[in-house]
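# Inside the fold
Each chain, letter by letter, is given below.
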Number of protein chains: 2
Amino acid sequence: MRVLVPFDAREPNTRLTPFFTADQRREFAAVLRGDVVDAIRAAGHEPELLSTGAIDADCPVRIDERPLSTAVNAALTELSPPAGILMADLGLVTPAAVSRLLDSAGDVVLAPGLGGGTNGLCVRDPAFRVDYHDGSYRKHTARARDCGATVTTVDSFRLALDVDEPDDLAEVLLHGQGDAPTWLAEHGIEIAPGDRCTVRNRNDGNGAQ
Amino acid sequence: MRVLVPFDAREPNTRLTPFFTADQRREFAAVLRGDVVDAIRAAGHEPELLSTGAIDADCPVRIDERPLSTAVNAALTELSPPAGILMADLGLVTPAAVSRLLDSAGDVVLAPGLGGGTNGLCVRDPAFRVDYHDGSYRKHTARARDCGATVTTVDSFRLALDVDEPDDLAEVLLHGQGDAPTWLAEHGIEIAPGDRCTVRNRNDGNGAQ
């Protein structure tokens with residue numbers, strides 16, 4: 001199955017500013033994106049990046065500067081379902097998690113993201129259109145119902161976590177299986193002691209909080 | 001399989017203080033605990049509460065005032081594995097998620113919690129002992145290795161989320177399938193509009209942030 005990976009090439013991961021320079025944030029975003037692309041390919045599917053600007057990648061890249069939902073819907077129309085959509089910042093992604101999403105039965109299969117979002121979709125109904133932001137999980141289930149599509153929700157921690165804030169880096173260090181945890185360790189990020197895991201940069205001793 | 005559900009009867013869910021009175025927090029903790037007990041039973045297993053004090057429940061209750069890990073290890077020794085352990089505040093729990101934990105092969109099966117914790121365990125190795133707090137996921141995988149036990153990690157969003165902070169209530173409203181989302185709605189808690197889901201109490205208009 002073809003799987004779109006939307007990517008905002010402009011100013012990625014701004015909430016990680018306390019830890020990284022702008023160049024490092026761009027580099028880390030590319031590592032995360034690479035982990036998602038690799039997991040899709042290892043699961044036997046065909047990744048295709050949908051980027052707001054030119055990027056280096058070892059898979060096809062479709063450039064579309066329009067807002068996320070507009071760009072995804074245009075690409076979906078062109079690909080014609082079945083097609084998958086996976087966010088580019090899933091730092092815990094594994095081939096098995098991708099397979100659970102894409103192999104689940106259902107006209108519309110959703111992998112919820114923490115905070116009400118939708119981190120993964122498998123669309124088999126050609127009438128379904130995405131509508132990201134503002135609690136997209138609810139909107140997507142409602143839209144699927146409006147299409148008369150059957151809906152399946154995949155229960156995956158690995159797909160639920162998108163890397164957004166410093167605390168998410170702790171999850172990547174603990175559970176990530178791609179290149180992202182290695183990149184973080186090489187850049188001095190480590191788990192800080194404490195009851196709820198957070199991270200610090202061992203080079204400067206800054207905590208995430 | 002017998003499944004221990006540790007419960008701190010003293011002062012539950014203090015971080016939900018902005019939304020609820022102490023009585024309401026105790027009531028909500030009982031609802032969450034009831035959802036976990038019901039899901040264990042619906043999955044075909046035998047729940048047993050391990051409480052720091054007397055509580056009302058429709059399943060066996062074992063009282064132990066000692067710290068969490070001490071109490072769980074004492075109960076594990078007595079029950080003799082295989083046995084399960086599930087936290088009492090898993091607001092997204094379902095029978096299917098419980099089955100994925102308890103049916104997975106492995107001498108020690110772990111369901112990670114967000115923040116480095118361990119929200120579910122299935123222990124088949126009698127030498128394994130728990131050690132909660134301070135990033136228990138890492139400690140549990142290390143301890144299992146020290147026992148020579150095979151380790152399996154279950155990829156479940158439903159088991160990863162424990163209800164701790166106001167934002168977690170949004171997840172319960174969106175994805176919960178037990179009595180907890182109903183209780184929240186009855187107490188005025190609803191999703192607040194915005195990109196990342198949070199909650200507010202419609203009775204007083206307070207947001208979570």
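### Structural notes on the sheet that holds strand β7 (residues 151-153) of chain A
Residue and element names in this part refer to chain A.
- Across the sheet, 7 strands lie side by side as β3-β2-β1-β4-β6-β5-β7; this open sheet has mixed pairing. At either margin of the open sheet sits one strand with a lone partner, and together these are β3 (61-63) and β7. Mean inter-strand twist for the sheet, computed between neighbouring axes without regard to direction, equals 20°.
- Running at roughly 50° to strand β6 (residues 118-123), helix α3 (residues 95-103) makes contact with β1 (2-7), β4 (83-86), β5 (108-112) and β6 of the sheet.

### Concerning the pattern of salt bridges
Residues and elements named next belong to chain A.
- Scanning the model with the defined rule gives 28 salt bridges over all chains in all.
- A salt bridge links Arg 10 to Asp 8; the shortest N-O distance between them is 3.0 Å.
- Overall, the relative accessible area of 52% leaves Arg 10 in the exposed class.
- One network of salt bridges, in which partners are shared, links Arg 2, Glu 48, Arg 62 and Glu 78.

### Quick notes on the relation of the copies chain A and chain B
- In the superposition of chain A on chain B (RMSD 0.0 Å, axial shift 0.0 Å), the rotation amounts to 180°. Those values place the two copies in the arrangement expected of a two-fold rotation axis. When C-alpha positions in chain A are compared against the rotation axis, the closest is assigned to Phe 157 of chain A, at 2.0 Å.
- With an isologous cut-off of 70% or more, the 100% of interface residues of chain A that recur at the interface of chain B puts this contact in the isologous class.

### Side note on the confidence of the model for chain A
All names here are of chain A.
- A residue-level look at chain A finds 97% of positions with pLDDT of 70 or above and a mean pLDDT of 93.
- Predicted confidence for residues 205-209 stays below pLDDT 50, and this span has 14 contacts to residues more than four positions away or in other chains.
- Scored by ipTM, the complex comes to 0.93, with pTM at 0.94.

### Digging into the environment of Leu 169 of chain B
Residue and element names in this part refer to chain B.
- Along the chain, Leu 169 falls in helix α6 (residues 166-175).
- Judged by its relative accessible area of 0%, Leu 169 is buried.
- Taking the C-alpha atoms as reference points, Leu 169 and Arg 202, separated by 33 residues in sequence, lie 14 Å from one another.
- If sequence neighbours within four positions are ignored, Leu 169 has contacts with Leu 16, Phe 19, Phe 20, Phe 28, Val 163, Leu 184, Ile 189 and Val 199.

### Focus on the pairing of strand β2 (residues 46-51) of chain A
Residues and elements named next belong to chain A.
- Most of β2 sits out of view: 5 of its 6 residues are buried.
- Pairing of β1 with β2 involves 6 bridges; the strand directions are parallel. The residue of β2 that forms the bridge with Arg 2 is Glu 46.
- On the question of chirality, the crossover connecting β1 to the parallel β2 by way of helix α1 (residues 22-42) is right-handed.
- With 3 bridges joining them, β2 and β3 adopt parallel strand pairing. Pairing of Leu 50 across the sheet is with Arg 62, part of β3.

### A word on the packing of aromatic side chains
All names here are of chain A.
- Tallying each qualifying case throughout the model produces 8 aromatic pairs over all chains.
- Taken together, Phe 19, Phe 20, Phe 28 and Trp 183 form an aromatic cluster joined through their ring pairs.
- Taking NZ or CZ as reference, Arg 33 lies 4.4 Å from the ring centre of Phe 7, over its face.

### Quick look at helix α2 (residues 68-79) of chain A
Residue and element names in this part refer to chain A.
- With 12 residues, α2 should reach 16 Å at 1.5 Å per residue; the first-to-last C-alpha distance of 16 Å fits that figure.
- By the burial criterion, the buried members of α2 are Ser 69, Ala 71, Val 72, Asn 73, Ala 75, Leu 76 and Leu 79.
- At the C-terminal side of α2, Ser 80 shows a positive phi close to 60°.

### Some points on the nonpolar core
- The biggest cluster of nonpolar side chains holds 48 residues, and the ones touching the most others in it are Phe 20, Phe 28, Leu 169 and Leu 184 of chain A together with Phe 28, Leu 169 and Leu 184 of chain B.
- Sequence-distant contacts of Leu 184 of chain B, that is, excluding residues within four places in its chain, are made with Phe 20, Phe 28, Leu 169, Val 172, Leu 173 and Ile 189 of chain B.
- Among the nonpolar cores identified, the runner-up in size contains 45 residues, and Ala 43, Ala 71, Val 93 and Val 109 of chain A belong to it.

### A look at the interface of chain A and chain B
- Chain A puts 28 residues into the contact, and the matching count from chain B is 28 residues.
- Among the residues chain A hides against chain B, the three largest losses belong to Leu 114, Asp 155 and Phe 157 of chain A. Together they make up 24% of the total.
- Inspection of the region where chain A meets chain B yields 2 salt bridges.
- For Arg 100 of chain A, the salt bridge is made with Asp 155 of chain B, and the minimal N-O distance between the two is 3.3 Å.

### Some points on the sheet that holds strand β7 (residues 151-153) of chain B
All names here are of chain B.
- Strand order across the open sheet formed by 7 strands is β3-β2-β1-β4-β6-β5-β7, with mixed pairing between neighbours. Edge positions in the open sheet fall to β3 (61-63) and β7, since each of these has one partner strand only. Neighbouring strand axes in the sheet, compared pairwise and without regard to direction, differ in orientation by 25° on average.
- Pairing analysis gives 4 bridges linking strand β4 (residues 83-86) to strand β6 (residues 117-123), with the strands arranged antiparallel. Residue pairing across strands places Leu 86 opposite Gly 120, the latter belonging to β6.
- The strands touched by helix α2 (residues 68-79) within the sheet are β1 (2-7), β2 (46-51), β3, β4 and β6, with β1 carrying the most contacts at an inclination of about 160°.
- Contacts from helix α3 (residues 95-103) reach β1, β4, β5 (108-113) and β6, with the element oriented near 60° to β6.

### Description of the side chain of Thr 94 of chain A
All names here are of chain A.
- Position of Thr 94 among the secondary structure elements: in the loop between β4 and α3.
- Residue Thr 94 is classed as buried on the basis of its relative accessible area, which comes to 8%.
- The contacts of Thr 94, once residues within four sequence positions are left out, are Ala 39, Arg 158 and Gln 177.

Quick notes on the rules
Residues numbered from 1 in each chain as written. Chains lettered and ligands numbered in written order. Predicted model: local features only at pLDDT ≥ 70, side-chain atom pairs only at ≥ 80, totals over all residues. Heavy atoms only, no water. Pairing = 2+ DSSP bridges. Helix = DSSP H or I, 4+ residues; strand = E, 2+ residues; numbered from the N terminus. Axes fitted to C-alpha atoms, helices over the stretch in contact; angles between N-to-C directions. Contact = heavy atoms within 4.5 Å. Salt bridge = Lys/Arg side-chain N within 4 Å of Asp/Glu carboxyl O. Buried < 20%, exposed > 50% of the residue type's maximum accessible area, 1.4 Å probe, protein only. Least-squares fit on C-alpha atoms with pLDDT ≥ 70 in both. pLDDT = per-residue confidence, 0-100. Right-handed = clockwise from strand over helix to strand, strands pointing away. Phe/Tyr/Trp six-rings, centres within 6.5 Å; stacked < 30°, edge-to-face > 60°. Lys NZ or Arg CZ within 6 Å of the ring centre and 35° of its normal. Expected span 1.5 Å × (residues − 1). Core = buried A, V, L, I, M, F, W, Y, C linked by side-chain atoms within 4.5 Å. Buried area = accessible area lost by both parts, 1.4 Å probe.

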